[in-house]
Amino acid sequence: MNLSNTPSLPPDVSIVVLCAEWCTQCRAFREVADGLPAEALRWVDIEDEGLDADELEITAFPSVAILWPAGVLRYLGPVRADREGFLAAVGQLHRLPERAVPEALQAVLSP
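All values derive from a computational prediction rather than experimental measurement.

**Q** Any chance you could break down the sheet that holds strand S3 (residues 63-67) for me, citing the residues and the numbers?
**A** What the 4 strands build is an open sheet, ordered S2-S1-S3-S4; its pairing is mixed. The sheet is open, and its two borders are formed by strand S2 (41-45) and strand S4 (73-78), each paired with just one other strand. Adjacent strand axes in the sheet meet at a mean angle of 15°, parallel and antiparallel pairs treated alike. Here strand S1 (residues 14-19) pairs with S2 via 5 bridges, running parallel. Following the sheet pairing, Ile 15 is matched in S2 by Leu 41. The sheet contacts of helix H1 (residues 24-33) involve S1, S2 and S3, and relative to S2 the element is tilted by about 175°.

Pasting the structure below:
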């Protein structure tokens, strides 16, 4: 899918997609994310990483963590597995307050 209408992403934004292999919505979301710059996007299968969905307060898949600027959490939560839902979340970056990165998420964000 081409996201040529995607608003410009700040160069230091990180989008972490928290998914599960069994989730059909997560697989559908891959098409939405195809047009994003590879350096801004990271896929994390929570089961492969041993993450606890309850600890991260994940209530639905796919969920994303959007960090902007680098290391500063702006959003952690579900997005619709379609272009409009995702773009709505990305479009709100500048309006969202900074949040602490949950400890469980810090482990997968470290290089």
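Continuing now.
**Q** Account for unusual backbone geometry, naming residues and giving values.
**A** Trans peptide bonds make up most of the peptide bonds, and negative phi angles are found at most residues other than glycine. In this model, Phe 61 is joined to Pro 62 through a cis peptide bond whose omega is -5°. Relative to the elements of secondary structure, Pro 62 occurs in the loop between S2 and S3. Backbone torsion omega between Trp 68 and Pro 69 reads -10°, so that peptide bond is classified as cis. Note that Pro 69 resides in the loop between S3 and S4. The backbone of Glu 57 sits at a positive phi, close to 60°, despite the residue not being glycine.

Definitions and limits used
Residues numbered from 1 in each chain as written. Predicted model: local features only at pLDDT ≥ 70, side-chain atom pairs only at ≥ 80, totals over all residues. Heavy atoms only, no water. Pairing = 2+ DSSP bridges. Helix = DSSP H or I, 4+ residues; strand = E, 2+ residues; numbered from the N terminus. Axes fitted to C-alpha atoms, helices over the stretch in contact; angles between N-to-C directions. Contact = heavy atoms within 4.5 Å.

Keep in mind these values describe shape, not function.
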